[in-house]
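Letter by letter, the chains look like this.
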Amino acid sequence: MKKLIKTAIGLIYFHLLKKEKPRVGNRILIYHAFGSRLAHDTYGISISLRRFEEHLRFIQTRWKIIPIRPETYFDSLLEFGVSISIDDGYADTMLAADLMATLKIPFQVGIVSDFIGTKDYLTPKQVQMLSGNPFCTIGSHGKTHKKIGYLPPADQREEIFASKMALEDLLGKSVEVMSYPHGIFSSQTQELAREAGYKIVLSSINGINTQKNLNPFALRRTEVVSSDAVGNLRRKVLGYCDFR
């Protein structure tokens, strides 16, 4: 029922405001897991690999897919495109990565550094393999997946800096992308991310990133869940849900 209400509101929002299909900017989609049964998943963050492939093929035939890489991302906002991000670093990310490599689709993975090698999550070797995938950009998703923006300053610094250092030690290269766990951040969180040396930080604020609203330390993203068929994905990409 809630989903039907949101869909109806989205249709009204989109058509009454006479919104047009986006011509410029970037829609970053958030995925999490790919078929795993997660005990804490009450929201539907684990999408089947088959549905994920349907999403990718649908996107690939309609829009340009933009890598989330500091050296090229900001210039891409002059035309409309879609980007793929994956949060948390579950082990089944490897299945999604294989699929995206086959389809030659760039993607970004945000990894919780303290979760590496624990149950349901990527092993150190798998993280290194992802780093070697030419279509993948590795980013931090915090040290322990806490809501960083709610933490005291010293704890925020630990989450932001320690996760970056741990990943860089494991991979032997700079990590310049981060995504806020739970999407929670403050002005201080953004400043610490800048100080740590991140160039792109992803939030969970819904919407499209454009030259006009651009904040490199809180890029907007749109979440995709397991119940999103291709039709609902299309509406999310076009902005039907941007009233939230």
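Our subject is the structure listed above.
The shown structure was predicted, so the numbers you read here are calculated from the model rather than taken from an experiment. (Residues numbered from 1 in each chain as written. Predicted model: local features only at pLDDT ≥ 70, side-chain atom pairs only at ≥ 80, totals over all residues. Heavy atoms only, no water.)

Asks: Could you clarify how one ought to interpret the pattern of salt bridges in this entry?
Replies: The tally for this structure, following the rule as stated, stands at 11 salt bridges. In this structure, the salt-bridge partner of Arg 157 is Glu 195, at a minimum N-O distance of 3.0 Å. Residue Arg 157 is located in helix 5 (residues 153–171), and its partner Glu 195 is located in helix 6 (residues 187–196); the two are separated by 38 residues in the primary sequence. Given a relative accessible area of 34%, Arg 157 falls into the partly exposed group. (Salt bridge = Lys/Arg side-chain N within 4 Å of Asp/Glu carboxyl O. Helix = DSSP H or I, 4+ residues; strand = E, 2+ residues; numbered from the N terminus. Buried < 20%, exposed > 50% of the residue type's maximum accessible area, 1.4 Å probe, protein only.)

Asks: What should I look at first to understand the pairing of strand 3 (residues 80–88) in this one?
Replies: Along a regular strand, successive side chains alternate from one face of the sheet to the other. Of all the 9 residues making up strand 3, 9 are buried; the element is thus mostly covered by neighbouring parts of the structure. Examined bridge by bridge, strand 1 (residues 25–31) and strand 3 share 7 bridges and lie parallel to one another. By the bridge assignment for strand 3, Leu 29 is matched with Ile 84. Relative to strand 3, strand 2 (residues 64–65) runs parallel, the two sharing 2 bridges. Bridging across to strand 3, Ile 65 finds its partner in Val 82. Handedness of the crossover is the feature at issue here: the chain leaves strand 3, passes through helix 3 (residues 93–103), returns alongside strand 4 (residues 107–111), and the resulting connection is right-handed. (Pairing = 2+ DSSP bridges. Right-handed = clockwise from strand over helix to strand, strands pointing away.)

Asks: I tried to follow the packing of aromatic side chains on my own but got confused; where do I start?
Replies: Centre-to-centre distance and the angle between the planes together describe a pair of aromatic rings. A complete count under the given rule lists 9 aromatic pairs for this structure. Aromatic pair Tyr 90 and Tyr 121: ring centres 4.8 Å apart, planes at 25 degrees, arrangement stacked. Of this pair, Tyr 90 sits in the loop between strand 3 and helix 3 while Tyr 121 sits in the loop between strand 4 and helix 4 (124–131); the two residues are 31 residues apart in sequence, bridging distant segments of the chain. Considered together, Tyr 90 and Tyr 121 belong to a single accessibility category, that of buried residues. With a centroid separation of 4.7 Å and 15 degrees between ring planes, the pair formed by Tyr 180 and Phe 185 is classed as stacked. Connected via pairs of aromatic rings, a cluster forms that spans Tyr 31, Phe 34 and Phe 52. In this structure, Lys 164 is placed above the aromatic ring of Tyr 198, and the distance from its NZ or CZ to the ring centre is 5.7 Å. (Phe/Tyr/Trp six-rings, centres within 6.5 Å; stacked < 30°, edge-to-face > 60°. Lys NZ or Arg CZ within 6 Å of the ring centre and 35° of its normal.)

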